[in-house]
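What follows is each chain in one-letter form.
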Amino acid sequence: MGTRIEVAQLESRLNIEDYRKLQGLFLVPSGASRSLSRTEFVHLAQSAVGRGSKEDYGLLFDSVVVTQENRGLLLDVDAVKEEGRIDWGGLCSFLLLELSDKVKNYKSSSVPCWKPPRTLTCPHRDPVQKVLHLQTSGQYLTVSKGGTVGLRDGGDMSLLNAHRLQNSMVAPDHLWVTDVVLLHNVHKIAVSFTSKEVCFYEILSKQDFSCKYKIQGLKFTPWCLDYWVDPANVDQAVLTIGDIGGQVSALHFTSANISLFERLSLRMDSDSADIVLWDELVKGKHHCCYTVTYQAHTPAWVRKVHYLGSLEAFVSCSTRPESSLVIGWKEKGSRSLRVTSFVTKSGVWDMDHHRGLNLIATAGVDHQVLLWSPYVTSEPVCVLSGHTSPVTAVRFMQTKQQLVSYSKDKVLCLWDVSSQLCVHRLAGVFPKTQEDARTLLFLHEKRQLLLLSFNSLLLLLETAKEEKRTSSHKHPVTCVLYNSLFRQVVSSDSASSVICWLADTGQKVKQFRRCHGNAEISTMALDGTQTRLFTGGADGEVKVWDFNGRCLHRMNAGLGRAVGISQVLLLKRSILVMGWERNLTVFRLHSFSQSFVEPSEWKGGVQHRGDILCAAFHPLQTLVTGSYDGEIIVWNNSTEKALRKLQLPAEQRKGLPDCQRHVNDKEDFDNSLAISQLFFIPGRTSATAAGGADLVSCGDSGVVRLWNTTHSCLVGQFAAHSRDLGSIVMTVSPCGKYLITADREGTIKTWDIQHYCLDPDDRRTTAPPELLRRFRPHLDRVTHLEMCVHSDDLLLLSASSDCSVALSYLPGETVGLFGQEEQWGLERPGPLHPQLDPGQSLGALKSLTGREEVMQGEKSSPPPSKETSSDEGTNTSAEGGQLEMKDEGVGLDLSMTEPLSML
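Read on for an overview of the structure. Throughout, residues of each chain are indexed from 1 in the direction in which the sequence is written. A pLDDT threshold of at least 70 governs which residues receive local features in this predicted model, and a stricter bar of 80 or more applies before side-chain atom pairs are shown or counted, although totals over entire chains, interfaces and linings include all residues. To obtain the side-chain values, all non-hydrogen atoms of the structure were used and water was disregarded.

Section: the overall build of the chain
- When helices and strands are counted, the chain shows 11 helices and 60 strands.
- Accessible area is worked out with a 1.4 Å probe on protein chains only. A residue is then buried under 20% of its type maximum, exposed over 50%, and partly exposed in between. Burial status across the chain gives 55% buried among its 903 residues.
- Contacts are residue-level and defined by heavy atoms, with any inter-residue pair within 4.5 Å sufficient. Sequence-distant contacts in the chain: of pairs separated by 6 or more residues, those separated by 24 or more amount to 52%. Think of it this way: any DSSP run of H or I at least four residues long counts as a helix, any run of E at least two long counts as a strand, and we number them from the N terminus.

Comments concerning the environment of Cys422
- Relative to the assigned elements, Cys422 resides in strand β28 (residues 421-427).
- According to the relative accessible area criterion, Cys422 is partly exposed, its value standing at 26%.
- For the pair Cys422 and Leu384, spaced 38 residues apart in sequence, the C-alpha separation works out to 7.9 Å.
- Contacts of Cys422, omitting those with residues within four sequence positions, involve Cys413, Leu414, Trp415 and Asp780.

Quick notes on the sheet that holds strand β41 (residues 574-578)
- Any two strands with at least two DSSP bridges between them are considered paired. Reading across from one edge, β40-β41-β42 is the order of the 3 strands in this open sheet, with antiparallel pairing throughout. Edge strands, defined here as strands with exactly one partner in the open sheet, are β40 (567-570) and β42 (585-588). In this sheet, neighbouring strand axes are inclined to one another by 20° on average, regardless of whether the strands run parallel or antiparallel.
- Pairing of β41 with β42 involves 4 bridges; the strand directions are antiparallel. To obtain an axis, a line is fitted to C-alpha atoms, over the contacting stretch when the element is a helix, and the angle between two such axes runs from 0 to 180 degrees between their N-to-C directions.

A few points about the packing of aromatic side chains
- Note on ring pairs: Phe, Tyr and Trp rings are taken, using the six-membered ring of Trp, and paired if centres are within 6.5 Å. Classes follow the plane angle, with under 30 degrees stacked, over 60 edge-to-face and the rest tilted. Applying the stated criterion across every chain, the model contains 25 aromatic pairs.
- Ring centres of Phe430 and Phe454 lie 6.0 Å apart, and the angle between their planes is 40°; on these two criteria the pair is classed as tilted. With a gap of 24 residues between them, Phe430 in the loop between β28 and β29 (439-444) and Phe454 in strand β30 (residues 449-454) connect regions that are remote in the sequence.
- On the accessibility criterion, Phe430 (9% relative accessible area) is buried.
- What makes Phe454 buried here is its relative accessible area of 3%.
- Clustering of aromatic rings is evident, with ring pairs tying together Phe26, Phe41, Tyr57, Phe61 and Trp88.
- For Lys145, the ring lying beneath its charged end belongs to Trp176, and the centroid distance is 3.9 Å.
- In this structure, Arg335 packs its charged tip against the face of Tyr290, placed 3.8 Å from the ring centre. Note on geometry: a ring has a charge over it if NZ (lysine) or CZ (arginine) is within 6 Å of the ring centre and within 35 degrees of the ring normal.

Focus on the sheet that holds strand β18 (residues 313-317)
- What the 4 strands build is an open sheet, ordered β17-β18-β19-β20; its pairing is antiparallel. Each edge of the open sheet is held by one strand with a lone partner, namely β17 (304-308) and β20 (337-342). Pairs of neighbouring strands in the sheet enclose a mean axial angle of 15°, with direction left out of account.

Regarding the pairing of strand β37 (residues 533-537)
- Of all 5 residues in β37, 5 are buried, a share of seventy percent or more.
- In this structure, strand β36 (residues 521-526) lies alongside β37, joined through 5 bridges in antiparallel fashion. Across the sheet, residue Thr523 finds its bridge partner in β37, namely Gly536.
- Joining the antiparallel neighbours β36 and β37 is a turn of 6 residues, in which Gln530 adopts a positive phi near 65°.
- When β37 meets strand β38 (residues 542-545), the two strands line up antiparallel, connected through 4 bridges. Following the sheet pairing, Leu533 is matched in β38 by Trp545.
- Adjacent in sequence and paired antiparallel, β37 and β38 are bridged by 4 residues, among which Gly540 carries a positive phi angle near 90°.

A closer look at helix α2 (residues 16-25)
- Within α2, the full set of buried residues consists of Asp18, Tyr19, Leu22 and Leu25. Seen end-on, α2 carries its buried residues on one side only, within an arc spanning 105°. Taking the helix axis as origin, the arc is that swept by the directions to the C-beta atoms.

Notes on the nonpolar core
- Phe200, Ile215, Tyr227, Phe253 and Phe261 are the most contacted members of the largest nonpolar core, which has 24 residues in total.
- Taken together, the elements giving at least two residues each to this core come down to β8 (177-183), β10 (197-202), β11 (211-216), β12 (222-230), β13 (233-243), β14 (247-253) and α8 (278-282).
- In this structure, Phe200 is in contact with Leu183, Lys188, Ile189, Ala190, Ser210, Cys211, Lys212, Tyr213, Ile215, Leu239, Leu260 and Phe261, ignoring residues within four places of it in sequence. Definition of nonpolar core: a set of buried residues of the types Ala, Val, Leu, Ile, Met, Phe, Trp, Tyr and Cys, connected through side-chain atoms within 4.5 Å.

Quick notes on the packing of α2 against helix α3 (residues 38-49)
- At a minimum axis separation of 9 Å, α2 and α3 run at an interaxial angle of 140°. Once α2 is placed against α3, the crossing between them reads as right-handed. In this structure, α2 contributes Asp18, Lys21, Leu22 and Leu25 to the contact, and α3 contributes Phe41, Leu44, Ala45, Ala48 and Val49.
- Residue classes follow a fixed rule: Ala, Val, Leu, Ile, Met, Phe, Trp, Tyr, Cys and Pro count as nonpolar, while Asp, Glu, Lys and Arg count as charged, and any other residue, Gly among them, counts as polar. Residues belonging to the contact of α2 with α3 are distributed by class as follows: 7 nonpolar, no polar and 2 charged. Left-handed is the label given to a crossing in which the near helix is rotated counterclockwise from the far helix by less than a right angle, and right-handed is the label when the rotation is clockwise.

What about the pattern of salt bridges?
- A pairing counts as a salt bridge when a side-chain nitrogen of Lys or Arg comes within 4 Å of a carboxyl oxygen of Asp or Glu. If you walk through the whole model with that rule in mind, you get 18 salt bridges.
- Across the pair Asp350 and Arg395 runs a salt bridge, and its minimum N-O distance is 2.5 Å. Here Asp350, found in strand β21 (residues 348-354), pairs with Arg395, found in strand β25 (residues 391-397); they are 45 residues apart in sequence, far enough to count as distant. Judged on exposure class, the residue Asp350 and its partner Arg395 are both buried.
- One salt bridge connects Arg447 with Glu462, and the closest N-O pair in it is separated by 3.3 Å.

Regarding the side chain of Ser574
- Along the chain, Ser574 falls in strand β41.
- Beyond its immediate sequence surroundings of up to four residues, Ser574 is in contact with Leu569, Val586, Phe587, Arg588 and Leu589.

What about unusual backbone geometry?
- Put simply, Pro619 and Leu620 share a cis peptide bond, and its omega is 10°.
- By secondary structure assignment, the location of Leu620 is in the loop between β44 (612-618) and β45 (622-627).
- Omega for the bond connecting Leu810 with Pro811 falls within 30 degrees of zero, at 15°, which places this linkage in the cis form.
- Among the structural elements, Pro811 can be located in the loop between β58 (805-809) and β59 (813-817).
- In the Ramachandran plot, Lys196 falls in the positive-phi region, its phi being about 65° despite a non-glycine side chain.
- As for its position among the elements, Lys196 is in the loop between β9 (188-193) and β10.
- A positive phi angle is found at Cys757, which is not glycine, with a value near 55°.
- With relative accessibility at 6%, the residue Cys757 sits in the buried group.

Topic: the environment of His473
- Secondary-structure assignment places His473 in the loop between β31 (457-462) and β32 (477-483).
- Since its relative accessible area comes to 3%, His473 is described here as buried.
- Each C-alpha atom, one on His473 and one on Val805, is 8.2 Å from the other, the two residues being 332 residues apart in sequence.
- Here His473 is in contact with Ser491, Ser492, Asp493, Ser497, Ile499, Trp501, Cys803 and Val805, once residues within four sequence places are set aside.
- In terms of polar contacts, His473 uses its side chain to reach the side chain of Ser491, at 2.7 Å. Think of a polar contact as two N or O atoms within 3.5 Å of one another; within protein, one of them needs to be a possible hydrogen donor and the other a possible acceptor, and neighboring residues in sequence only count if both atoms come from side chains.

Details of the side chain of Ser407
- If you trace the backbone, Ser407 turns up in strand β26 (residues 402-407).
- Polar contacts involving the side chain of Ser407 include one to the side chain of Asp409, which spans 2.4 Å.
- Setting aside residues up to four positions removed in sequence, Ser407 forms contacts with His387, Ser389, Pro390, Val391 and Thr392.

Here's the deal with α3
- The end-to-end C-alpha distance of α3 is 16 Å, a good match for the 16 Å that 12 residues give at a rise of 1.5 Å each.
- If you check which residues of α3 are buried, you get Phe41, Val42, Ala45 and Val49. Here the buried residues of α3 occupy an arc of 95° about the axis, which is enough to place them on one side.
- Trailing α3 by a residue or two, Gly50 shows a phi angle of about 80°, which is positive. A helix is expected to span 1.5 Å multiplied by its residue count minus one.

Some thoughts on the pairing of β41
- Of all the 5 residues making up β41, 5 are buried; the element is thus mostly covered by neighbouring parts of the structure.
- Residues of β41 alternate between two faces, with Ser574, Leu576 and Met578 on one and Ile575 and Val577 on the opposite face, all of them buried.
- Taken together, the 4 bridges between β40 and β41 define a ladder with antiparallel strand orientation. Bridging across to β41, Val568 finds its partner in Val577.
- Taking the residues that link successive antiparallel strands as the turn, the β40-β41 hairpin has 3 residues.
- Counting the residues between successive antiparallel strands, the hairpin from β41 to β42 contains 6 residues, one of them, Gly579, with a positive phi of roughly 135°.

Nothing here speaks to function; it is geometry throughout.
Right, here's the structure in full:
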């Protein structure tokens, strides 16, 4: 704690020039970047900066190294193991994100729950150019391209009156407003026109919008405006103008509350407005203000401009890649500016600045939202990937560390800046418009409302009153399983924690922390005896645990690399791990004599063209694997030889890229054919000979496909969820009646597939099966689904990025969220099992699934020890604390008489 405080104190003593000197330490004379060891950094930094002690810089270096190791920011892992080194990017990331007290003390608020969108009565016939909030009256002001001003009530947003702005220099039919800003300290609005004018209108009691001043004679058409008032002196203000010539011009007012301009002559137009010539302002004839102009984006248009009072700098953006973002820094004691430029791939539509974090967000034409430090032009602090079309608007929530972004394909994303994750995604609620429709985003953070304009249409989004929401985990949940031996639910999260819950009540039993250090647990599996838990981490390892929290084996799946493990499949004599390459990683049972287990060679070799993402097994020896390129391969598991391939028809594979993609890539899948999950449909063995489907797959496009593995053909497909929602997850009930699918909005759908694609004709089925129920137990993306039979009830477990794990009856009645205050009881009237006929036994269900080996393994398993079954409420850590969870390599002989079986 003391170390962090001391480093923070050093950070507060350094100024912009000091940081520039530090940046120079990481450059060689040729201009290339380099990294520094601890000795080099301490000596060079203390000499170059001239303030702070060597101990201060040593503490700073140590903190950066620790942060880089935890965040995976080091470029050369081997060099780190030999000797800790840091680079300029790592130092900036630490200073901006790790040391910010606001970041460290920040607690993410709940995801907003939006009311149904409401279309507002609009007086405009042309596109809305700006929405303003009048702080004194609480009302809202909308201004259209044609100069129509709409005044709205601050409560219900009803239209109070409408007014047409007057400009005697332009005919009403030719009037074109480009932007509007509120001058709240002088009760005026400034409006820019294509006539190369900026007019100042009064907004006092009568709301007649009389024109007070007109600035004329601008060189280029003003396109965007910004207004800043010094909070310590309201007489000091800055009006910034960005134009279509690529210039940024600023008008500094020194006595705004007395008069914006001086009356040098009696020049007035028919509107009785004082005319102010821009040339007079440039020459300094108005002593109450002065101008500053610089070329920022020539020849591109300036799309957005801000004056940042805290930095004493102007920031602007354009769609020209070479000058995507430009900052003009004011020099002390001078009116000249020092200009720095930021380069992106395709330019920027919009930008915003977070005062507390001192970060600039840019809305990229290349679909990305970038976060920049104003002091680092070489690369962004982080990339927020998730949009699939150009991002047109970004707005920071200043009281939170959150960012709202909107893209051309009508998708609204809410980002948590500290975790760099999209915590909420809203799509499908916005009106259909032409592709070139102008969209404006207005965020009123205090009232938690959004106003979006689509040309002349105004749409209001308000948040519903926040209800207390149960969180099963403190971090997004990645996987959930059911342990039939202990009658418990097991869930994992992105912070590498595993929690065990009582299925009967939803109460937490125990928790194991940091199972893979700081690496996310991406998937889990249970062996056939239900006494061993397998966890796959982003560190590239699969670990084997008992339910006392002991790590028994470490499986080196990634061969020392951090890889994305998408699935761990347990078979009778082997364990398959996949997710990051085109080959299967296999572990033989005879290799588990050691605590650290190395993989064996898969005899079938590389058959897939894309990374293998998932697999499924059907007794006695049929194995199927699905890959990123949409290909399914059927294997003989005994010989490990590929038998046949399943592919989509040629017309659906057009444009398919022949490339590899990793499941742990930062960006969302772009390939709509990627197969993320495979399930055999129980009870359909005999139907495959007649051409019926026995395998179901899903992936990134929201489409579910059913296949016949005997004849290697696609039998049917249907869109279970909107394509815009991206990847979906699914599961199949043990007797093959229910198919459950879920999307990234938290919606779960239950489909009846008992007779679906069972007796197909010559044509592929495209009509969906019967939709039994649609429900939404989660507020965010569903990450995993698990079906289980508990006390003769068929139950659904769902895990979500909203940090919750839900329990539901089928076809769709939510029981509750694990960890909620009010405990539930699963006893309810009605049939024992919702899928079984009254006379059908649970034994018949087991025989239908073809899982005899699993069930036998469960029966022969030893009962849980008293220590395990009674250890309620235990909260343990893998890093030394209350429970020893080190890699001991004892207690598990995977060649024992109770074999591993498929889950």
